[in-house]
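The residues making up each chain are set out below.
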Amino acid sequence: MTVIVVMGVSGSGKTTIGTVLANALDVEYAEADTFHPQANIDKMTAGHPLTDEDRAPWLEAIAGWIRDHQDSGGVVTSSALKRRYRDVLGTGGAVWFAHLHGDREILAERMKSRSGHFMPVSLLDSQLADLEPLEADEPGAVFDIRETPAEITEAALTAFREHA
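**Some remarks on helix α4 (residues 83-90)**
Structurally, the α-helix is built with 3.6 residues per turn, so residues lying three or four positions apart point the same way.
Here comes step 1: All of the buried residues along α4 are Arg-83, Tyr-85, Arg-86 and Leu-89. The buried side chains of α4 occupy one side of the element, clustering within an arc of 160° when seen end-on.
Here comes step 2: Where α4 is buried, its residues touch β1 (3-7), α3 (52-68) and β4 (95-101).

**As for the side chain of Glu-31**
Here comes step 1: For Glu-31, the location among the structural elements is in the loop between β2 (28-30) and α2 (38-45).
Here comes step 2: Although Glu-31 is buried, it makes no salt bridge; Lys-14 carries the closest opposite charge, 6.7 Å away.
Here comes step 3: Among the polar contacts made by the side chain of Glu-31, one reaches the side chain of Thr-15 at a distance of 2.5 Å.
Here comes step 4: A polar contact of 2.8 Å, which involves the side chain of Glu-31, links it to the side chain of Tyr-29.
Here comes step 5: Those residues in contact with Glu-31 that sit more than four places away from it in its chain are Thr-15 and Thr-77.

**Observations concerning the packing of aromatic side chains**
The description of an aromatic ring pair uses the distance of the two centres, along with the angle that the planes make with each other.
Here comes step 1: For the structure shown, the criterion picks out two aromatic pairs.
Here comes step 2: The interplanar angle of 55° and the centroid separation of 6.4 Å between the aromatic rings of Trp-96 and Phe-143 together place this pair among those described as tilted. With Trp-96 in strand β4 and Phe-143 in strand β5 (residues 140-144), this residue pair connects regions lying 47 residues apart in the sequence. The exposure classification of Trp-96 matches that of Phe-143, with both residues buried.
Here comes step 3: Ring centres 5.5 Å apart and planes at 65° place the aromatic pair Trp-96 and Phe-160 in the edge-to-face group. Here Phe-160 lies in helix α7 (residues 149-163) and Trp-96 lies in strand β4, a separation of 64 residues in the sequence.

**With respect to the nonpolar core**
Here comes step 1: In this structure, Ile-4, Leu-21, Ile-62, Ile-66, Val-76, Leu-89 and Phe-143 are the most contacted members of the largest nonpolar core, which totals 41 residues.
Here comes step 2: Leave out the neighbours within four places in its chain, and Leu-89 touches Val-5, Leu-59, Ile-62, Ala-63, Ile-66, Ser-78, Ala-80, Val-95 and Phe-97.

**Notes on α2**
Here comes step 1: Looking at α2, one finds that the buried residues are Asn-40, Ile-41 and Met-44. Taken end-on, α2 shows its buried residues confined to a sector of 100°, consistent with a single buried face.
Here comes step 2: Packing partners of the buried residues in α2 comprise α3.
Here comes step 3: Two residues or fewer after α2 comes Gly-47, characterised by a positive phi angle close to 90°.

**Some words on unusual backbone geometry**
Here comes step 1: At Asp-26, a position not held by glycine, the phi torsion is positive, near 55°.
Here comes step 2: Take Asp-26: it is sitting in the loop between α1 (14-25) and β2.
Here comes step 3: Of the residues examined, Asp-26 reaches a relative accessible area of 72% and is grouped as exposed.
Here comes step 4: The residue Ala-80 is not glycine, and still its phi comes out positive at about 45°.
Here comes step 5: On the basis of relative accessible area, Ala-80 is assigned to the buried category, the value being 0%.

Rules of the game
- Residues numbered from 1 in each chain as written.
- Predicted model: local features only at pLDDT ≥ 70, side-chain atom pairs only at ≥ 80, totals over all residues.
- Heavy atoms only, no water.
- Buried < 20%, exposed > 50% of the residue type's maximum accessible area, 1.4 Å probe, protein only.
- Helix = DSSP H or I, 4+ residues; strand = E, 2+ residues; numbered from the N terminus.
- Arc of directions from axis to C-beta.
- Contact = heavy atoms within 4.5 Å.
- Lys, Arg positive; Asp, Glu negative; His and termini not counted.
- Salt bridge = Lys/Arg side-chain N within 4 Å of Asp/Glu carboxyl O.
- Polar contact = N/O pair within 3.5 Å; in protein donor to acceptor, adjacent residues only side chain to side chain.
- Phe/Tyr/Trp six-rings, centres within 6.5 Å; stacked < 30°, edge-to-face > 60°.
- Core = buried A, V, L, I, M, F, W, Y, C linked by side-chain atoms within 4.5 Å.

Coordinates in, geometry out; function isn't part of it.
Written as structure tokens, this is what we have:
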């Protein structure tokens, strides 16, 4: 089965949409932040962006989760900012990307209003600079975060089912 990867920069709503999609599909959900080694969390908490080297074990761990869920399907979140990151995730098996996209102002406001998250707003610009949009040959679709979670979920489910 195909695993959905809900992708986007911090503050785009990956956790919200990922949870709702997993419930709608009755599959397991995994939060990408739980795959980070503590050193990555400490680095981001201190306001330092991750490097490709920092992200490598995190991406491999998520790809392993995807591999483990090829029979049952699943939904996992990941910023998946760059094409090469998405390629690593795809080594785990069949994936479909739901890219949550929005304006910097909306993203920053969301990040400021949440509590208990290690990612500071100061790192948003580095994520936006690294973000490479889905390319035509990548399986997935882009969704506007100005829509409600219900609207995004409905659109994502429709697009995913059309892909399958």
